[in-house]
Amino acid sequence: MPSKAIIIGTGSHLPARIVTNQELEKIVETSDEWIKTRSGISERHIVSGDETNSFLAVNAAKKALEMAGVAPGELDLVIVATLTPDMPMPSTACLVQKELGALKAGAMDISVTCSGFIYGLSIADKFIRDNRKMKILVIGSEVLSKRVDWQDRTTCVLFGDGAGAAVLTGTMEDRGILSTHLHADGTLWELLSLQALGTALPLEPDIFAQGLQYIKMQGKEVFKHAVRALESSAWEAMKANSWQTDDIDMLFSHQANIRILEFLQERLRLPDDKVFINIHKYGNTSAASIPIALDEANRQGILHPGMKLLFVAFGGGFTWGSLAMRW
Ligand code: UT7
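Residues numbered from 1 in each chain as written. Predicted model: local features only at pLDDT ≥ 70, side-chain atom pairs only at ≥ 80, totals over all residues. Heavy atoms only, no water.

Asks: Account for the sheet that holds strand E5 (residues 106–110), with residues named and values stated.
Replies: Strand order across the open sheet formed by five strands is E1-E7-E6-E4-E5, with mixed pairing between neighbours. The sheet is open, and its two edges are formed by strand E1 (4–13) and E5, each paired on a single side. When the angles between neighbouring strand axes are averaged without regard to direction, this sheet yields 20 degrees. Pairing analysis gives nine bridges linking E1 to strand E7 (residues 161–171), with the strands arranged antiparallel. Bridge assignment links Ser-12 to a residue of E7, and that residue is Gly-164. (Pairing = 2+ DSSP bridges. Helix = DSSP H or I, 4+ residues; strand = E, 2+ residues; numbered from the N terminus. Axes fitted to C-alpha atoms, helices over the stretch in contact; angles between N-to-C directions.)

Asks: Tell me about the sheet that holds strand E8 (residues 176–184), and name the residues and values.
Replies: Judged by pairing direction, the sheet is mixed, and its four strands sit side by side in the order E8-E13-E12-E11 without closing on themselves. Each edge of the open sheet is held by one strand with a lone partner, namely E8 and strand E11 (250–253). Across this sheet, the average inter-strand angle for adjacent strands is 10 degrees, counted without regard to direction. Pairing of E8 with strand E13 (residues 319–326), which is carried by eight bridges, proceeds in the antiparallel orientation. Residue pairing in the sheet places His-183 in a bridge with Trp-320 of E13. Sheet strands in contact with helix H8 (residues 219–240) are E8, E11, strand E12 (308–315) and E13, and its direction is about 150 degrees off that of E12. (Contact = heavy atoms within 4.5 Å.)

Structure below.
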């Protein structure tokens, strides 16, 4: 039997500062009731002071490494999924590698928006299938609060900051990652974008006056694509593993909107205790949302060896995908 990639440690880190819906009512024309009913979000964590993306990532990573019993020097690869890196160069992964002292490891960022953790795990999975001794750190980390327009009520109420991490290695046991399916559709990129601060647009006042340094989202359109893609990803993973919906012990979906999670739950006919939900506390943390949820579930002690876990994500690009694993 070939080796499989297994998660041996998880960690997460949320900034201490919590911003409630009531606080947002003072900034933009919105209401706690609207935000809760339309998105399910009650509060989100937002960075303050000198908290950066790499700072959140390092703190999440340290907790994951501690749980895994792996020293930073043993890591072979550090992958950071993010759309809000500290800077374009060096990658956030290099900053994390340095800060951890993981000097034997390669390091790279991947830019896959909200599907980043699933893409990251799938890369780790491929390496580990070849060499089961490898130890790989996969992090999803975001500082979205610095890339939302705090005057735009259609986006600023939705996003939050945070980081989640997982340490993977190989096992010969009948556990670990069973399948990954990755998808993208660049033809729809304009529905969810952050256009400035790359090299296509000049760093000029006109660009900033248009607010192109902030996340722009056509929410309703994105919603429609998200529900379709998340559901089809779930069925694709189940089919690949000959699972029925009854086989799923826990669904970890990207936390973008409670209505999307409820739709998925209904379509897959899953009971409440099989759909992990924490969007009310953190909002949409993009690439960090699934690893934060996974770490929370893990630390709550609700995951047991052999459980069948299904991960699905969807985000800007568009990108989407699934990952099935036996915990
Ligand atoms: O992470 C990547 C994937 N992201 C997603 O999947 C997000 C998908 N989209 C969504 O979650 C939802 O579309 C939103 C939560 C963004 C918006 O919910 P919606 O039910 O689609 O609302 P809407 O955009 O159709 O807006 C309904 C109304 C509009 O007013 P009118 O035109 O009906 O008069 C908006 O202007 O609600 C208004 N509105 C707000 N009202 C109070 C929009 N944002 C707010 C707000 N507070 N924050």
